[in-house]
Amino acid sequence: QVNRKSTIQKARLKLPILAEEQQIMETINENPVVILAGETGSGKTTQVPQFLYEAGYALKKMIAITEPRRVAAISMSQRVADEMNLTSKEVSYLIRFEGNVTDETKIKFMTDGVLLKEVQSDFLLRKYSVVILDEAHERSVYTDILIGLLSRIVPLRKKRGDPLKLIIMSATLRLEDFTNNQRLFKITPPVIKVDARQFPVTIHFNKRTNENYLKEAFNKAVKIHTKLPDGGILIFVTGQQEVNTLVRKLRKAFPLRHKDNQSNKNEGDSDSENSDKEIEDDLKQTLKRRKKVKPVPKINLDDYSVPGDNEDLNLEEEINTDSEDEDFGDVNIVSNNQPLWVLPLFSLLPSHKQAEVFKPPPEGCRLCIVSTNVAETSLTIPNIKYVIDTGKTKVKLYDKVTGVTSYIVTWTSKASADQRAGRAGRLGPGHCYRLYSSAVFNDTFQEFSVPEIQQKPVDDLYLQMKCMNIDKVVNFPFPTVPDLLQLQTADKRLEILGALKNSKVTPLGRAISRFPVLPRFGKMLALSHQQNLLPYTICIVAALSVQEVLLETPILQTNSQEVKNIRQKWAAIRRQWAGVGNSLLLGDPMVFLRAVGAAEYANSEGSLEKFCLENGLRQKAITEIRKLRIQLTNEIKTNIPNSDIIVDPKLSPPSDIQAKLLRQIMLAGMGDQVARKIMPEEIKEDQDKTKFKYAYHANNIEEPVFLHQGSVLKKTLPEFVVYQEIYETNKMYMRGVTAIEPE
Ligand code: ADP
Ligand code: MG
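The structure presented is a predicted model; accordingly, all values stated were derived computationally and were not measured. (Residues numbered from 1 in each chain as written. Chains lettered and ligands numbered in written order. Predicted model: local features only at pLDDT ≥ 70, side-chain atom pairs only at ≥ 80, totals over all residues.)

**Observations regarding the overall build of the protein**
- When you go through the protein residue by residue, the secondary structure sums to 27 helices and 24 strands.
- In the protein, which comprises 743 residues, the share counted as buried stands at 42%.
- Within the protein, contacts between residues at least 6 apart in sequence are counted, and of these 73% link residues at least 24 apart. (Helix = DSSP H or I, 4+ residues; strand = E, 2+ residues; numbered from the N terminus. Buried ≥ 20, exposed ≤ 12 C-beta atoms within 10 Å, placed from the backbone. Contact = placed C-beta atoms within 7 Å.)

**Brief notes about the sheet that holds strand β10 (residues 340-345)**
- The strand order across the open sheet formed by six strands is β8-β15-β12-β9-β11-β10, and the pairing between neighbours is parallel. Because the sheet does not close on itself, it has two edges, and the strands there are β8 (201-205) and β10. Each adjacent strand pair in this sheet contributes to an overall mean axis angle of 15°, direction not counted.
- Here helix α9 (residues 240-253) sits on the sheet and contacts β9 (232-236), β10 and β11 (366-371); the angle it forms with β10, its principal contact strand, is near 170°. (Pairing = 2+ DSSP bridges. Axes fitted to C-alpha atoms, helices over the stretch in contact; angles between N-to-C directions.)

**What to know about unusual backbone geometry**
- We note that Asn-469 has phi near 65°; this positive angle belongs to a residue other than glycine.
- By the secondary structure assignment, Asn-469 is in the loop between α17 (459-467) and α18 (484-497).
- One non-glycine residue, Ser-503, lies in the positive phi region at around 70°.
- You can see Ser-503 is positioned in the loop between β16 (500-501) and β17 (504-505).

**Points about the packing of helix α8 (residues 213-227) against α9**
- Contact geometry for α8 and α9: axes closest at 11 Å, N-to-C directions at 35°. As for how α8 packs across α9, the hand of that crossing is right-handed. Across the interface between the two elements, Leu-214, Ala-217, Phe-218, Ala-221 and Val-222 of α8 pack against Glu-242, Thr-245, Leu-246, Lys-249, Leu-250 and Ala-253 of α9.
- Across the contact of α8 with α9, the residue classes break down as eight nonpolar, one polar and two charged. (Left-handed = near helix turned anticlockwise from the far one by under 90°. Nonpolar A, V, L, I, M, F, W, Y, C, P; charged D, E, K, R; others polar.)

**Observations regarding the packing of helix α5 (residues 112-121) against helix α6 (residues 141-159)**
- Between α5 and α6, whose axes approach to 9 Å, the crossing angle comes to 40°. In terms of axis orientation, α5 runs oblique to α6. In this structure, α5 crosses over α6, and the sense of that crossing is left-handed. Along its contact with α5, which presents Asp-112, Gly-113, Leu-115, Leu-116 and Val-119, the element α6 presents Tyr-142, Thr-143, Ile-145, Leu-146 and Leu-149. (Parallel < 35°, antiparallel > 145°, perpendicular 65-115°, else oblique.)

**With respect to the site of ligand 1**
- Lining the immediate surroundings of ligand 1 are 15 residues, of which Lys-44, Thr-45, Thr-46, Phe-358 and Thr-380 lie closest.
- Those elements that place two or more of their residues in the shell around ligand 1 are α3 (44-54) and α4 (70-84).
- In terms of residue count, the dominant contributor to the shell around ligand 1 is α3 (four residues). (Near = placed C-beta within 6 Å.)

**Description of the environment of Leu-367**
- Inspection of the secondary structure puts Leu-367 in strand β11.
- Overall, Leu-367 belongs to the buried group, with 23 C-beta atoms counted inside 10 Å.
- Leu-367 sits 18 residues away from Lys-385 along the chain, and the two C-alpha atoms are 10.0 Å apart.

**Overview of α4**
- With 15 residues, α4 extends 21 Å from end C-alpha to end C-alpha; this agrees with the ideal 21 Å at 1.5 Å per step.
- Among the 15 residues that make up α4, twelve are buried, leaving the element largely enclosed by the rest of the structure.
- Looking one or two residues beyond α4, the residue adopting positive phi is Asn-85, at roughly 60°. (Expected span 1.5 Å × (residues − 1).)

**Considering the environment of Ile-538**
- Mapped onto the elements, Ile-538 comes out in helix α21 (residues 534-545).
- C-alpha separation for the pair Ile-538 and Leu-628, spaced 90 residues apart in sequence, amounts to 8.5 Å.
- Residues contacting Ile-538, with those up to four places away along its chain left out, are Leu-525, Arg-629, Leu-632 and Thr-633.

**Quick look at the sheet that holds strand β2 (residues 62-67)**
- The strand order β3-β4-β2-β5-β6-β1-β7 describes an open sheet built from seven strands, whose pairing is parallel. Every interior strand has two partners, whereas the edge strands, β3 (91-94) and β7 (191-194), have only one. The sheet shows a mean angle of 20° between the axes of neighbouring strands, direction not considered.
- Sheet topology places β3 next to strand β4 (residues 107-111); four bridges connect them, and they run parallel. Note on β4: the bridge partner recorded for Val-91 is Ile-107.
- Against the sheet, α5 touches β2, β3 and β4, its axis set at about 105° to β4.
- Of the strands in this sheet, β1 (33-38), β2, β5 (128-133) and β6 (165-170) touch α6, which is tilted by about 145° from β5.

**Examining the confidence of the model for the protein**
- Of all residues in the protein, 86% attain a pLDDT of 70 or more, and the chain-wide mean is 84.
- Every residue in residues 259-280 scores below 50 in pLDDT, and together they form 26 contacts with partners more than four places removed in sequence or on other chains.
- Interface confidence for the predicted complex, expressed as ipTM, amounts to 0.98; the pTM equals 0.73. (pLDDT = per-residue confidence, 0-100.)

**Overview of the environment of Lys-61**
- By secondary structure assignment, the location of Lys-61 is in the loop between α3 and β2.
- Exposure remark for Lys-61: the 16 C-beta atoms within 10 Å place this residue in the partly exposed category.
- Every residue in contact with Lys-61, bar those within four places of it in the chain, is listed here: Lys-127, Tyr-128 and Ser-129.

**Observations regarding the pairing of strand β23 (residues 732-735)**
- Burial along β23 is one-sided: Met-732 and Met-734 are buried, while Tyr-733 and Arg-735, pointing the other way, are not.
- As paired elements, strand β22 (residues 725-728) and β23 share four bridges and run antiparallel to each other. Paired with Glu-728 across the bridge in β23 is Met-732.
- Turn length for the β22-β23 hairpin, with the two strands adjacent in sequence and antiparallel, is three residues.

**A short note on the pairing of β4**
- Where burial is concerned, most of β4 is hidden: five out of the five residues are buried.
- In β4, alternate side chains face the same way, and those of Ile-107, Phe-109 and Thr-111 on one face and Lys-108 and Met-110 on the other are all buried.

This is the structure we're talking about:
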């Protein structure tokens, strides 16, 4: 029934999972719940939905497959459609802001959050004959909850004579959380392990651990590219910014020749012709170092004397770098001045650029991908032979009580370091260069990463579960139980918000939970049918829900003076957007309203990209805001039948009165997050008063918190404000700030 192209069929036959098709399908047919574990790249995500389809599981109902990452949901649905020679009408995806599901959809890829929302409207998930929870080892909050819920849904469906199959797919990591858990599954589900054709990967640890891992990564990539045989390089760093920096430096170091005719493409996205002094300096350093490195003979590191001057100090550094040459092993050193085809990969990257990583590099180029941990297990990038692992990962930390967020870069876990290394062994024997010492790995790395449910606020989940009549959330069969304090805080915040009363969902709570946004935003929306405020609140909520709408620093960094000028220009634009009176006091939300309005106008004129670039807006954020506005608007139309709201691209700015009302709406949603200006008389004698100019005192938090860099309220310094969140960098800053009036 499936008519595959012969090239595809050939590629499939190489996947180890294909040999197991019969065993896998028999186990699934005979058991309601099956756990399928297999190394990344063995073919789980792309093949299992096809097995099920061919076995007839999509004849009457749909096959659902969830992914924790949006990138994976989109790209895997496309891949499976391709492999099966079907269209996106039949193999579709649905993520929070978009999708291409139709009436004809047979295989539906979606994010785990989307399926959780579906459980809320149809607890038995009657549309589906089978649910696959993919990447369960990632332990995303939503997947964890879905496992708990489905452990109950599956028996219920059986009772009704309409059985549902559950397949939990995971890398071969810590399966005991699912299997050794009586509360979750009374009968332990069978585990099928798929062997991957994994070639050996030689692990090379650094002798010592250098603080500047980005520079280390650059140097290592240069070495691999100039000295080692063909084969793609995959570099793991912690975030988008690091990805961009490294991509720029590597492109600069190994530019594409003109005849490669890809150069414009390569330059187009984040590079510019402008010389970047920092990069050049760095590069010169590296080149100098490389020249120097060669003649240094092997020396005995235990035989040292105290260095006398700077020359020697440098030399010592060289020696240390050189000693790592050993790590390259016995491979033939080849002379290599090939261009390097460097591509970025992170989840906020536009989809079409993400797709680039699956394509072969241009003739004569070596592939080099700089990625965040998206490439760890969700996406299998072909043709990687060398992995460079900084060993780092970026995590968002939440203070359980105050809700203060901060990003920290920290060591990843042993499990994920091993996953990263594994990426090098898909094609043939590979190498993984760990930019840290084996001592750090053994002594400092945790075995596994902490499940997300234990480190994230659970307010929205808590409310959703309450709405599903799960009264005692504490007793829910979580694979890993969330922190009790976390649950209590959520309960408290939801009571303050009015979503719960005596731990029971209120009608307001039910209204709130219908919106696919955080409960506090849900409340703001639920209140805004008054005074024609809905279109504004929808836009504000959409903007507050999307990350990084306003840029702080230009992406195309040139020199520091230019950066300063651009920042000043952006600040002036934002002040102008804020206006005066109540508009100004509305603060960040007002800036968002005008920014979105102006961007939509530019879009209708066909100049969105230019507009965003000039005004310091992130273009993808603007597109996401638009999608979320449409989605929220539709959602509200179905919930409030008489509302005749539309998404108006040319939304005119709110009147002064409306702005005042919007400030009250902000207060309703953020009422637990109030801050008061710190007055001069409160500042101690011995403290520098100028440092407290923008300082506030927030409830629960002892240290002062500050208006963020680009806040338009810096001019007025209102006595009381509410804020969306506090984040910590060098200081604590409030984001999403509105001035309120004390009652
Ligand atoms: P798993 O889920 O077990 O990690 P996948 O099913 O994702 O494995 O991948 C199986 C194979 O399909 C891999 O070799 C991968 O490189 C290939 N593949 C996946 N997506 C694409 C794509 N968009 N283009 C080309 N090859 C792909
Ligand atoms: Mg997969």
